[in-house]
Amino acid sequence: MSQKTELKIISSKDVEVREIKWLWPPFIPRGKVTILQGDPGEGKSTFMLTLAAYLTRGEPLPYTDYDKPPEPVTVLYQSTEDDYDDTIVPRFIKAGGIRDRLAFIDESESPLTFEDGRILDAIKQTGAKLLVLDPLASYIGNCSLNASNEVRPKFNALISAARETDCSIVVVNHMNKMPGVKALYRTPGSIDVAGAVRSILLLARDPEEEDKRYLVQTKMNLASKGDTLEFRINDNGIEFTGVSEKTADEILRNQDFIADIGRPDTRLQEAKAVIEEMLAAGTAVPAEDCEAILAKNGIRRSTAQSAKRELGIESIRMQNQWYWKLPEAPEGM
């Protein structure tokens with residue numbers, strides 16, 4: 001029989017009320033966990049290293065008002081995707097960062113995870129006000145991202161470290177391959193991944209201008225969402241160029257639209273190949289199962305329907321359920 005935990009009641013009058021503090025209002029709160037996500041190659045690490053350079057110089061972050069100039073801070077930066085010597089430090093230097101204030105936790109003997117006590121120790125030892133973990137999949141540890149009961153305990157350890165040290169922790173993340181859904185649901189894995197953090201930032205490319213990017217806040221629990229920021233990537237990092245009225249959903253819809261225009265035959269052929277493989281046994285397959293597999297492969301419903309028509313797929317109703325089936329081959333074939 002498990003030991004019974006003693007009941008303790010905390011009165012609200014005993015709670016010391018405090019204001020939310022910000023590293024970059026309203027995008028990155030202090031003492032909380034934030035996710036920055038986007039497709040591979042969109043410039044997420046360049047973006048974070050440019051922010052790190054601002055912070056280590058003690059320079060106000062873009063589009064913020066300060067009562068007094070901020071103090072220079074230390075940044076901890078962990079990455080399994082880029083090497084420190086030939087990518088991270090050179091990019092940081094080009095962005096104008098102060099090298100004495102950028103540090104790394106040594107992972108040469110043991111990989112770091114959200115629950116690793118070295119995170120808390122390193123933040124306390126260095127006094128860091130920003131910790132970057134890039135990417136989420138490398139640092140969350142042994143965990144199924146689709147299992148909420150596994151995701152939450154991992155994030156809770158990170159949330160606790162952020163709260164105790166008042167350090168902002170930014171986890172860099174790739175988006176899932178689900179075009180056509182709301183931006184918030186492009187976060188991979190269980191919805192608890194998005195639910196665990198206080199702010200989610202989306203970095204996305206303009207589909208018509210190669211070097212133009214948008215930073216959009218898709219989630220913010222502590223204040224009103226920030227404006228959509230425009231910036232461009234150049235040799236020295238990034239250059240902020242203004243504010244946009246575009247929303248995350250609009251930007252992603254435009255990306256998907258341009259992508260579909262650029263490769264309509266490819267997507268249609270892919271859809272046809274998936275359908276033929278699903279139905280290759282010649283037996284009828286539940287329509288909802290077929291649609292789920294197509295969606296998982298990133299194939300839009302409209303493309304799936306076009307492929308279905310071209311293949312002559314039959315829709316059959318049996319016992320109040322719809323099925324898909326390959327057409328019968330003509331006699332003599």
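Please refer to the structure placed before this passage.
Let us look at the structure shown here. (Residues numbered from 1 in each chain as written. Predicted model: local features only at pLDDT ≥ 70, side-chain atom pairs only at ≥ 80, totals over all residues. Heavy atoms only, no water.)

**Some points on helix H2 (residues 84-94)**
Every buried residue of H2 is accounted for by Thr87, Ile88, Val89 and Phe92. Viewed end-on, H2 has its buried residues packed into an arc of 160°, placing them on one side of the element. Among the exposed residues of H2, those pointing more than 90 degrees away from its buried face are Asp85, Asp86 and Lys94. Looking at the buried side of H2, the elements it contacts are helix H1 (44-57), strand S4 (75-79) and strand S5 (102-103). Once H2 finishes, glycine 96 follows within two positions and takes phi at roughly 90°, a positive value. (Buried < 20%, exposed > 50% of the residue type's maximum accessible area, 1.4 Å probe, protein only. Helix = DSSP H or I, 4+ residues; strand = E, 2+ residues; numbered from the N terminus. Arc of directions from axis to C-beta. Contact = heavy atoms within 4.5 Å.)

**Notes on the pairing of S4**
Of all five residues in S4, five are buried; the element is thus mostly enclosed. By the alternation rule, side chains of S4 split into Val75, Tyr77 and Ser79 and Leu76 and Gln78, which are all buried. With two bridges connecting them, S4 and S5 associate as parallel partners. If you follow leucine 76 over to S5, its bridge partner there is alanine 103. As a crossover connection, the stretch from S4 through H2 into S5 is right-handed. Bridge count for S4 against strand S6 (residues 130-134) is five bridges, and the pairing is parallel. By the bridge assignment for S6, valine 75 is matched with leucine 130. (Pairing = 2+ DSSP bridges. Right-handed = clockwise from strand over helix to strand, strands pointing away.)

**Observations regarding the pattern of salt bridges**
Under the criterion given, the structure shown has 15 salt bridges. In this structure, the salt-bridge partner of aspartate 166 is arginine 30, at a minimum N-O distance of 2.7 Å. Of this pair, aspartate 166 sits in the loop between helix H5 (148-165) and strand S7 (168-174) while arginine 30 is found in the loop between strand S2 (28-29) and strand S3 (33-38), placing the two residues 136 residues apart along the sequence. It is possible to trace a salt-bridge network through shared partners that takes in Glu209, Asp211, Lys212, Glu230 and Arg232. (Salt bridge = Lys/Arg side-chain N within 4 Å of Asp/Glu carboxyl O.)

**A short note on the packing of helix H3 (residues 117-126) against H5**
Following both chains from N to C, one finds H3 and H5 inclined at 20°, their axes separated by 10 Å at the closest point. With respect to H5, the axis of H3 lies roughly parallel. Viewed along their axes, H3 and H5 form a crossing whose handedness is right-handed. Residues Ile119, Leu120, Ile123 and Lys124 of H3 touch H5, and the partners they reach there are Leu158, Ala161, Glu164 and Thr165. (Axes fitted to C-alpha atoms, helices over the stretch in contact; angles between N-to-C directions. Parallel < 35°, antiparallel > 145°, perpendicular 65-115°, else oblique. Left-handed = near helix turned anticlockwise from the far one by under 90°.)

**Quick look at the sheet that holds strand S13 (residues 314-318)**
Strand order in this open sheet of three strands is S12-S14-S13, and the pairing throughout is antiparallel. Every interior strand has two partners, whereas the edge strands, strand S12 (285-286) and S13, have only one. Inspection of the sheet shows S13 paired to strand S14 (residues 321-325) by five bridges, in the antiparallel sense. Note on S14: the bridge partner recorded for serine 315 is tryptophan 324.

**Brief notes about the packing of H1 against H2**
Running from amino to carboxyl end, H1 crosses H2 at an angle of 50°, the nearest separation of the two axes being 8 Å. Viewed along their axes, H1 and H2 adopt a mutual orientation that is oblique. The handedness of the crossing between H1 and H2 is right-handed. Counted together, Ser45, Thr46, Leu49, Ala52, Ala53 and Thr56 of H1 and Ile88, Arg91 and Phe92 of H2 form the full contact between these two elements. When grouped by side-chain class, the residues that make up the contact of H1 with H2 number five nonpolar, three polar and one charged. (Nonpolar A, V, L, I, M, F, W, Y, C, P; charged D, E, K, R; others polar.)

**Concerning unusual backbone geometry**
Residue proline 26 is reached from proline 25 by a cis peptide bond, and omega for that bond is -10°. Its location among the elements puts proline 26 in the loop between strand S1 (22-24) and S2. The omega torsion across aspartate 134 and proline 135 is 0°, close enough to zero to call that bond cis. For proline 135, the position within the fold is in the loop between S6 and helix H4 (136-139). At asparagine 320, a residue that is not glycine, the phi angle is positive and equals roughly 65°. With respect to the helices and strands, asparagine 320 occurs in the loop between S13 and S14. On the basis of relative accessible area, asparagine 320 is assigned to the exposed category, the value being 67%.

**Concerning the nonpolar core**
The biggest cluster of nonpolar side chains holds 32 residues, and the ones touching the most others in it are Trp24, Phe47, Met48 and Leu215. Per-element tally for this core: the top contributor is H1, with eight residues. Filtering out sequence-adjacent residues up to four positions away, leucine 215 remains in contact with Trp24, Phe27, Leu36, Phe47, Leu201, Leu202, Asp227, Thr228, Leu229 and Phe231. Core analysis: the next-biggest nonpolar cluster, separate from the first, contains 30 residues, Ile35, Leu76, Phe114 and Leu131 among them. (Core = buried A, V, L, I, M, F, W, Y, C linked by side-chain atoms within 4.5 Å.)

Nothing here speaks to function; it is geometry throughout.
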